[in-house]
Amino acid sequence: EDKVETQLRLIQQEGRSCQSTAARLDPRIALVESQQHSMETHLAELAKEVSSLSEDVRTQGRRFEDSDARAREWRHKLQDDLQQKSQELEQRIHKLAMGVRSTVGSVEDGQLRLRQQLQQLEVYVEDSRAEVEAFGRKVNEGFHAETGSVLTLLEDRATSLAGSGVIEHCNFDGQGGGSS
């Protein structure tokens, strides 16, 4: 019986202790319960915002993927265009180089022909000069021989005319003639 009383007292003390703890917790629980509704409202608003942000992230992701795909497509197109332009330029340069080589070859052939013609012309001029000099010497020799013959003939004729009395006096110094 003592034991039961002791236990009963202990239970009563614990009951009072629980009641005092419950009394202290009741305002806190009431506060939490009153805040629960605003928390649930706030949580619902946050869920909506998270959902909206999630949709925005997905939209931005799709936009990024679309723009990335356009950028890749543009880059490939640009590379293809540049490669095509490069090949066209290489072909034009190759054709131009071939044309330049052909022109250089033609010019070199023309220069070779001109050098040969110049050499032939120099030989011809040298031969012609030698012929002209030889002809000039022959003309001079012929002129001197002919002039000498004519002068001798004229002197002989003048002497014979002077001897026959037709010409009394001849002056061959080029100052005229006459009687003295």
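A. Spotlight on the overall build of the chain. From N to C terminus, the chain includes 1 helix and 0 strands. Over its C-alpha trace the chain gives a radius of gyration of 70 Å, far above what one expects of a compact globule, namely 16 Å for 180 residues. Along the first, second and third principal axes, the C-alpha set of the chain runs to 220 × 40 × 35 Å. Within the chain, buried positions represent 1% of all 180 residues. Accessible surface for the chain amounts to roughly 16400 Å². Of this, 57% is attributable to carbon and sulfur atoms. Charge-centre separation for the chain: the mean point of 23 positive side chains lies 12 Å from the mean point of 32 negative side chains.

B. Quick peek at a nonpolar patch on the surface. A surface patch of nonpolar side chains, about 410 Å² in accessible area, is lined by Leu-118, Leu-121, Tyr-124 and Val-125. Within the fold, Leu-118 resides in helix α1 (residues 2-163). Exposure remark for Leu-118: the relative accessible area of 46% places this residue in the partly exposed category.

C. View of the pattern of salt bridges. Under the defined criterion, the tally for this structure stands at 6 salt bridges. Among the ionic pairs, Arg-9 bridges to Glu-5, the shortest N-O distance being 3.8 Å. Residue Arg-9 and its partner Glu-5 are located together in helix α1, separated by 4 residues, close to a single helical turn. A salt bridge links Asp-81 to Lys-77, with the shortest nitrogen-to-oxygen separation between them at 3.2 Å. Pair noted here: Asp-81 and Lys-77 are both in helix α1, with a separation of 4 residues, about one helical turn. Within this structure, Glu-55, Arg-58 and Arg-62 form a network of salt bridges that share partners.

D. Representation of the confidence of the model for the chain within the structure. Per-residue pLDDT for the chain has a mean of 83; in total, 91% of the residues score no lower than 70. Scored below 50 in pLDDT, residues 174-180 shows 4 contacts in the model against residues more than four places distant or in partner chains.

E. Local environment of the environment of Ala-158. Along the chain, Ala-158 turns up in helix α1. Sequence separation of Ala-158 and Ser-20 is 138 residues, and the distance between their C-alpha atoms is 189 Å.

F. Looking closely at the environment of Lys-3. Tracing the chain through its elements places Lys-3 in helix α1. In this structure the C-alpha to C-alpha distance between Lys-3 and Ala-134, which are 131 residues apart in sequence, comes to 175 Å.

Rules and cut-offs
- Residues numbered from 1 in each chain as written.
- Predicted model: local features only at pLDDT ≥ 70, side-chain atom pairs only at ≥ 80, totals over all residues.
- Heavy atoms only, no water.
- Helix = DSSP H or I, 4+ residues; strand = E, 2+ residues; numbered from the N terminus.
- Rg over C-alpha atoms; globule rule 2.2 N^0.38 Å.
- Buried < 20%, exposed > 50% of the residue type's maximum accessible area, 1.4 Å probe, protein only.
- Areas by Shrake-Rupley, 256 points an atom, 1.4 Å probe, with all protein chains shown as cover.
- Lys, Arg positive; Asp, Glu negative; His and termini not counted.
- Charge placed at Lys NZ, Arg CZ, Asp CG, Glu CD.
- Patch = residues over 30% accessible without salt bridge, like charges linked within 9 Å, V, L, I, M, F, W, Y side chains within 5 Å.
- Salt bridge = Lys/Arg side-chain N within 4 Å of Asp/Glu carboxyl O.
- pLDDT = per-residue confidence, 0-100.
- Contact = heavy atoms within 4.5 Å.

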